[in-house]
Amino acid sequence: PLGAADYLKLASHFHTILLRDVPELGPFRLASLKRFTLLIDILYDNHVRLLVAAHRPCSSLVCGENHKSLNLLDNHRQLIDDLGLSMKQCLVLNLDSPIDYRHELMSINDESEFNVYYVYDQTPDADSRLDKWFIKLAADDGHLGPPVRTSLDVYGRSVVFSHTGNGVAMCSFGELCDQPLGAADYLKLASHFHTILLRDVPELGPFRLASLKRFTLLIDILYDNHVRLLVAAHRPCSSLVCGENHKSLNLLDNHRQLIDDLGLSMNGQKTPDVTLFTGAEDMFAFARTLSRLKEMCTLAYWHRSGPKRSTD
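Quick caveat, the model's predicted, so the values are computed rather than measured.

About the criteria used
Residues numbered from 1 in each chain as written. Predicted model: local features only at pLDDT ≥ 70, side-chain atom pairs only at ≥ 80, totals over all residues. Heavy atoms only, no water. Axes fitted to C-alpha atoms, helices over the stretch in contact; angles between N-to-C directions. Helix = DSSP H or I, 4+ residues; strand = E, 2+ residues; numbered from the N terminus. Left-handed = near helix turned anticlockwise from the far one by under 90°. Contact = heavy atoms within 4.5 Å. Nonpolar A, V, L, I, M, F, W, Y, C, P; charged D, E, K, R; others polar. pLDDT = per-residue confidence, 0-100. Core = buried A, V, L, I, M, F, W, Y, C linked by side-chain atoms within 4.5 Å. Buried < 20%, exposed > 50% of the residue type's maximum accessible area, 1.4 Å probe, protein only. Salt bridge = Lys/Arg side-chain N within 4 Å of Asp/Glu carboxyl O.

Draft legend 1. Fine view of the packing of helix α1 (residues 4-13) against helix α2 (residues 30-45). Across the interface, α1 lies against α2 with an axial gap of 9 Å and an inter-helix angle of 35°. The chirality of how α1 crosses α2 is right-handed. Counting all contacts with α1, which are made through Ala-4, Tyr-7, Leu-8, Leu-10 and Ala-11, the residues of α2 involved are Arg-35, Leu-38, Leu-39, Ile-42 and Leu-43. Split by residue class, the contact of α1 with α2 holds nine nonpolar, no polar and one charged.

Pasting the structure below:
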């Protein structure tokens, strides 16, 4: 709940603002759209430098295709037009690149002998290999004997992991990504365990959107906290997420009702225009996560993570 006074104070104190994680905006996110319009106008008037990392190009940051079909007040329509004019006065420098520099760096180093990502079709004994990894890594960390049960307190809730040994934990995908867990749980997990063995990772996509969101969040948090990760999955890393058929998905009835209530166009298809229902936004976000996941499976990442990781 910030307003003009807050943004004016911000603009008077800082000469440069770096703004990250700017989502697609529109009438479906009206309060944020109003504040963003006000913020841009104030920063522009006060000659503040602005660097932005957004989920959409500048020209299509505001989704206006469907707002004319909504019963919006005239001032709401004007708001969208005003923001468009403000953004046109900005110098846009596109920092996106088709090159995955993590992949380029990995291709330089020969790590053919190192493998911590197992595919069930190619490695039928993947679970057994993870079991052996667990015994070795837990022993190296001072745990001898069978796995133990560890309970972590997260804001008064107990999150239980049944297969742990000191700083090493083995979990199934279902335990971490099919349960109602969030950032606080994953941060607690990453701070308590330096190595995670994750088994039974399925193919992901918009048809399993909640799990995809959690998996994306999990990988990002483990990566940022330098946690080692060993994986047994049903698909190779490069094809772990399938997005080809998401446009033909049958939407849930409550989504259909919401689409009807908003008066959105289906364009003769089963998928509406708004990315809220298609999962396209999550597929876009996972591209970076996939790059991180590939790096986490390299020897270089292995050496700088785990028990001797830096927490800076």
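Let us keep going from here.
Draft legend 2. Geometry of the confidence of the model for the chain. Scored by pLDDT, the chain has a mean of 80; 70% of the residues are at 70 or more. Predicted confidence for residues 245-254 stays below pLDDT 50, and this span has 18 contacts to residues more than four positions away or in other chains. Segment residues 268-273: pLDDT under 50, and 19 contacts once partners within four positions in sequence are set aside and those in other chains are kept.

Draft legend 3. Layout of the nonpolar core. By size, the foremost hydrophobic cluster in this structure holds 56 residues, and its most contacted members are Tyr-117, Leu-176, Phe-215 and Leu-229. For this core, the leading source of residues is helix α8 (residues 209-224), giving eight residues.

Draft legend 4. Seen up close, the pattern of salt bridges. Enumeration according to the criterion identifies 10 salt bridges in this entry. Note that Asp-125 is salt-bridged to Arg-129, the shortest N-O span being 3.4 Å. Classification of Arg-129 by relative accessible area gives partly exposed; the value is 37%. Residue Asp-224 pairs with Arg-292 through a salt bridge whose shortest N-O separation is 3.2 Å. With Asp-224 in helix α8 and Arg-292 in helix α11 (residues 280-296), this pair connects stretches of sequence that are 68 residues apart. Overall, Asp-224 belongs to the partly exposed group, its relative accessible area being 46%. Several salt bridges share partner residues, and in doing so they unite Asp-127, Asp-131 and Arg-199 into one network.

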